[in-house]
Every structure is written in structure tokens, then in C-alpha cells.
Amino acid sequence: MSNPIGRQDNTVLKSLFGRDKPIIGVVHLMPLPGAPRYDDEGVEAIYERGLSDAKAYLHGGCDAVIVENHGDVPFLKPDDIGHETSAHMAVVADRIRRELGRPIGINVLANAAIPALAIASASSASFIRVNQWANAYVANEGIVEGESARAMRYRAHLRARGIRIFADAHVKHGAHAIVADRPVEEQVKDLVFFDADVIIATGQRTGHAADLGYIGMIREAASLPTLVGSGVTHENANDILSVADGVIIASALKYDGVWWNAVEPERVTRFIAGLHR
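Residues numbered from 1 in each chain as written. Predicted model: local features only at pLDDT ≥ 70, side-chain atom pairs only at ≥ 80, totals over all residues. Heavy atoms only, no water.

*Asks:* Looking at this model, I keep getting lost on the nonpolar core. Mind explaining?
*Replies:* The tendency in soluble globular proteins is for nonpolar side chains to be buried side by side. Among the nonpolar cores identified, the biggest contains 86 residues, and I106, I128, W133 and F166 are the most heavily contacted of them. Not counting chain neighbours up to four residues away, the residues in contact with W133 comprise A113, G146, E147, S148, A151, M152, I165, A167, L191, F194, D195 and A196. (Core = buried A, V, L, I, M, F, W, Y, C linked by side-chain atoms within 4.5 Å. Buried < 20%, exposed > 50% of the residue type's maximum accessible area, 1.4 Å probe, protein only. Contact = heavy atoms within 4.5 Å.)

*Asks:* Please explain empty space enclosed by the protein as it appears in this structure.
*Replies:* Empty space among the atoms becomes apparent when a probe as large as a water molecule is rolled across them. Applying the stated criterion across every chain, the model contains 1 cavity of 30 Å³ or more. Volume-wise, the largest cavity comes out at about 110 Å³. For the largest cavity, the lining is made up of 15 residues, of which Q132, A134, H170, Q187 and L191 are closest to its centre. Looking at the lining of the largest cavity, the elements with two or more residues in it are β7 (164-169) and α6 (184-193). The dominant element in the lining of the largest cavity, judged by the number of residues it contributes, is α6, at 4 residues. Its residues assigned to classes, the lining of the largest cavity shows 8 nonpolar, 6 polar and 1 charged. (1 Å grid on protein atoms, 1.4 Å probe; cavity = no way out; pocket = protein on both sides within 12 Å on 5 of 7 lines; lining within 4 Å. Points joined across faces, edges and corners; volume = space filled by probe spheres on them. Helix = DSSP H or I, 4+ residues; strand = E, 2+ residues; numbered from the N terminus. Nonpolar A, V, L, I, M, F, W, Y, C, P; charged D, E, K, R; others polar.)

*Asks:* What is the right way to look at the environment of A210 in this model?
*Replies:* With respect to the element layout, A210 can be found in the loop between β9 (198-201) and α7 (212-222). Along the backbone, A210 and G229 are 19 residues apart, and their C-alpha atoms lie at a distance of 8.9 Å.

*Asks:* So what exactly am I meant to see when it comes to helix α2 (residues 43-59) here?
*Replies:* The α-helix winds at 3.6 residues per turn, so residues separated by three or four positions along the chain end up facing the same way. Between its terminal C-alpha atoms α2 stretches 24 Å, which fits the 24 Å expected from 17 residues at 1.5 Å a residue. Within α2, the full set of buried residues consists of I46, Y47, G50, L51, D53, A54, A56, Y57 and L58. The inward-facing, buried residues of α2 contact β1 (23-28), β2 (64-68), α3 (83-100), β11 (247-249) and α9 (265-273). (Expected span 1.5 Å × (residues − 1).)

*Asks:* How should I be thinking about the pattern of salt bridges in this particular structure?
*Replies:* Pairing of side chains with opposite charge becomes possible as their charged atoms draw close. This structure, assessed with the given rule, holds 13 salt bridges. Between R95 and E44 there is a salt bridge, with the nearest N and O atoms lying 3.0 Å from each other. With R95 in helix α3 and E44 in helix α2, this pair connects stretches of sequence that are 51 residues apart. The class for E44 is partly exposed, based on a relative accessible area of 42%. Bridged by salt links that share partners, the residues D79, E147 and R150 form one connected network. (Salt bridge = Lys/Arg side-chain N within 4 Å of Asp/Glu carboxyl O.)

What is shown is where atoms sit, not what they do.
This is how it looks when you write it as C-alpha cells:
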């Protein structure tokens with residue numbers, strides 16, 4: 001049955017990753033030049049750490065990685081992000097793709113869909129993640145508005161329609177009082193209406209797990225492939241995969257389970273080995 005509110009392609013995950021139920025690791029880049037925590041040790045250390053983390057994920061059995069500027073806290077709003085962020089992320093993303101030959105995605109925090117598309121185009125990435133694709137919410141950065149209208153026009157301008165859009169639903173790290181008069185299901189349908197390809201369900205913060213019933217509600221409302229983008233662990237992964245179409249994971253696969261640490265290869269191997277897919 002066709003989707004009455006938007007274009008529907010339930011094969012997108014298989015076409016991107018070659019399998020159903022993909023496992024996507026997040027490469028949390030060290031602070032980039034221009035960010036408050038950048039320590040002036042040079043960019044090669046950033047690139048090498050990003051490549052090392054990507055190798056740990058992909059050699060351990062993950063299907064893809066997302067390259068993200070998670071070390072750039074506190075995050076800027078999209079129009080304030082400097083070109084240096086896009087430039088350095090494009091370099092590390094290109095190195096990862098060239099060396100490992102696997103699909104990569106780009107997420108530029110906070111909510112910078114247009115820089116993400118530019119980086120994806122430069123590095124031949126397959127998709128971008130956008131935390132607020134439609135509507136608006138109040139985040140740590142202030143009022144964050146949906147980027148879909150500008151971003152889709154920019155993607156067309158780049159002749160880069162093959163770059164897929166992974167959009168968060170009711171995204172973490174924020175308050176949704178602005179649209180609280182509309183059910184979450186309706187907000188999910190807005191993502192579909194604005195041509196997102198994949199929906200991402202999250203908990204309340206980085207590392208926080210979403211309730212299985214909540215994940216199921218988002219997936220049903222979307223009628224699109226739905227990933228879980230926070231709080232996935234060794235203990236809950238199979239339960240989540242029984243409801244969702246794949247997961248995005250980071251913190252649970254880091255040394256000591258801390259997001260800013262390096263990826264621990266043994267944790268990745270053990271996690272993948274324990275999945276029932």
C-alpha cells in the first residue's frame with residue numbers, strides 16, 4: 001500500500017547497507033579547530049582517531065558509520081557554524097570511506113543539514129542525519145527550527161538527490177512544548193511528508209534508551225524504516241531489533257561505556273556476536 005502522506009521506499013536500508021537490520025556506529029570526532037575544546041595538537045590526531053574508531057566499528061561487524069562533530073560542545077546553531085567545521089569533517093569522512101569502502105553518514109551538530117549535505121557531497125557519503133527535520137523545538141542551543149525546506153533545495157542544487165535523509169522524531173536533548181498540542185504520531189508524519197527516507201527514535205539524552213512501546217508507535221506512524229538512535233546496549237539490543245529496523249550505537253561500544261572515549265574493538269565484536277538477526 002502506498003504511503004498517503006509522502007514518498008515511501010521501504011528498501012532504502014537494504015539498498016544502502018546490503019542487509020536488513022543494519023548496525024551503525026557513530027564516530028564521535030575529537031574537538032575540531034574553532035571549537036572551545038580544541039587543544040591545538042593538530043588535525044592529524046583528529047583524523048587518525050576518527051579512522052581508528054571507524055575501523056573498530058566496521059572490522060567488528062557494524063554495517064556503516066556516522067561521522068559526527070560530537071566533540072564540538074557547546075554546539076552552535078546551524079547558521080553560526082564555521083566553514084572550518086565542514087572542511088575538517090569532509091577530510092576525515094573521505095579518509096574513512098576511501099580506506100574502509102563502506103557506507104558512511106554525516107551528522108553536523110547542532111541540526112546543520114546544509115553543512116552535512118556539503119560534507120556528504122565532498123566525501124561521497126551515503127546519508128545525513130538531521131535532528132530536527134520539521135517543526136521546531138527548544139534545545140540547549142535555543143529554538144531550533146526544521147531544516148527540511150532549505151536542505152532539500154540545497155540537495156537539489158548540488159545534484160545530490162542520492163544522499164538519503166535520516167531524520168530524528170521527537171529528538172533527544174530538547175523540550176517539545178512548541179508543538180505539544182500535536183501528538184507525536186502527527187509530528188512523525190510531518191517528517192514523512194517532508195521526504196525523510198528513514199526515521200530515528202531516541203530517548204531523552206545521549207545513552208538513554210527509548211521505551212519499546214514508544215519505538216513501535218513511531219515506526220507505525222512513519223510507515224518508513226525506523227532506527228533507534230540512543231541507549232542501545234548489549235542487554236537491550238535484541239529486544240530493540242524486534243521492534244525497530246536497525247540501530248545507531250556509540251556509547252556502549254566505547255571504553256568504559258563513555259561516549260568521548262575511543263571505540264573498544266572487543267566490545268564491538270562481542271556486541272555483534274550477541275545479535276539475533
